[in-house]
Amino acid sequence: MQFEFNEQQTLFRDAVRDFAAKEIAPIARECDERGDFPLDLFQKLGSLGYLGAKFPTEYGGSEAGLASGAIMAEELSYASPGIFLGIYVHVYLALSAVAAFGTDAQKEAYLRPGISGERISAWGFAEPDAGSDPAGMRTSAERDGDHYVINGSKILITNGDIADFVVVTAVTAPGQGFRGLSLLIVDRDTPGFTARRLQTMGMRAAHTAELSFQDCRVPAANLLGEENSGFTSAMRTLTDGRVIAAGFALGLGKAAFDRSLK
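Thresholds, definitions, all that
- Residues numbered from 1 in each chain as written.
- Predicted model: local features only at pLDDT ≥ 70, side-chain atom pairs only at ≥ 80, totals over all residues.
- Heavy atoms only, no water.
- Buried < 20%, exposed > 50% of the residue type's maximum accessible area, 1.4 Å probe, protein only.
- Helix = DSSP H or I, 4+ residues; strand = E, 2+ residues; numbered from the N terminus.
- Arc of directions from axis to C-beta.
- Pairing = 2+ DSSP bridges.
- Core = buried A, V, L, I, M, F, W, Y, C linked by side-chain atoms within 4.5 Å.

1. Regarding helix α2 (residues 40-47)
Side chains three or four residues apart in an α-helix point the same way, a direct result of the helix having 3.6 residues per turn. When α2 is considered as a whole, its buried residues turn out to be L41, F42, L45 and G46. Take α2 and look down its axis: the buried residues cluster within an arc of 135°, on one side only.

2. Focus on the pairing of strand β2 (residues 140-144)
Looking at chain direction, β2 and strand β3 (residues 147-158) are connected through five bridges and run antiparallel. If you follow A141 over to β3, its bridge partner there is I150. Counting the residues that bridge the hairpin from β2 to β3 gives two residues, and of these G145 lies at a positive phi of roughly 65°.

3. A look at the nonpolar core
Judged by nonpolar contacts, the single largest core of 55 residues is most densely connected at L76, I87 and W123. At the level of elements, α1 (7-34), α2, α3 (66-79), α4 (81-101), α5 (104-116), β4 (165-171), β5 (181-187) and α6 (230-261) are the ones that each hand at least two residues to this core. The element that contributes the greatest number of residues to this core is α4, accounting for 15 residues. Core analysis: the second largest hydrophobic core is formed by 19 residues, A122, F193, V218 and A220 among them.

Listed below in structure tokens is the structure:
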């Protein structure tokens, strides 16, 4: 089977490649050594429309399709896998969930500024005792009037300590396993929510954090999708994310090969 990019995709690839060479490659080593993410990149990428390639035009996207996302993943990760990791989680996990399952109000509050790069997001999925196993998750969200009260913790969360909001997977129906999970949007300044930066051996430019929730009260309006449908929603989000992850791995592998060849 012969696969070739169309003209629009080729132009997009060339533009992203040029951006990566000018804006990311020169600072990649320094960011990795310092363990620091260049936060201004979010707004730079947003202003060029790169963060909104897969999203609806009414919220600032361009609906360029999943192939364009894979192209961006390959080109940006070639310049710096650590820096792209933060972009990947923001766009293809957290924002993708808001775009797919959010209300109009949620999309205006979180998706639109996320596409422009004005707000940074994280994906709060993995837990210390469960890893990425949904059936073993313990972080709970108990309904209390017009709020959910969240208690628990998340681990190895990319962008966790720099995010303006986090899409969190929590148990809303105890004893139901993965059938009792829901997605909730938690704003950074919500009382009871804290994030602690973790040190990693690789991908150091990406910020990785542990998240803690202690009687963290989140408005019921921040429920993303239907209650107890979080597992299905998360799996749908991760499916598209895996396509982007393939482009991510390809860009990283090409960079390693090219440097080894030199």
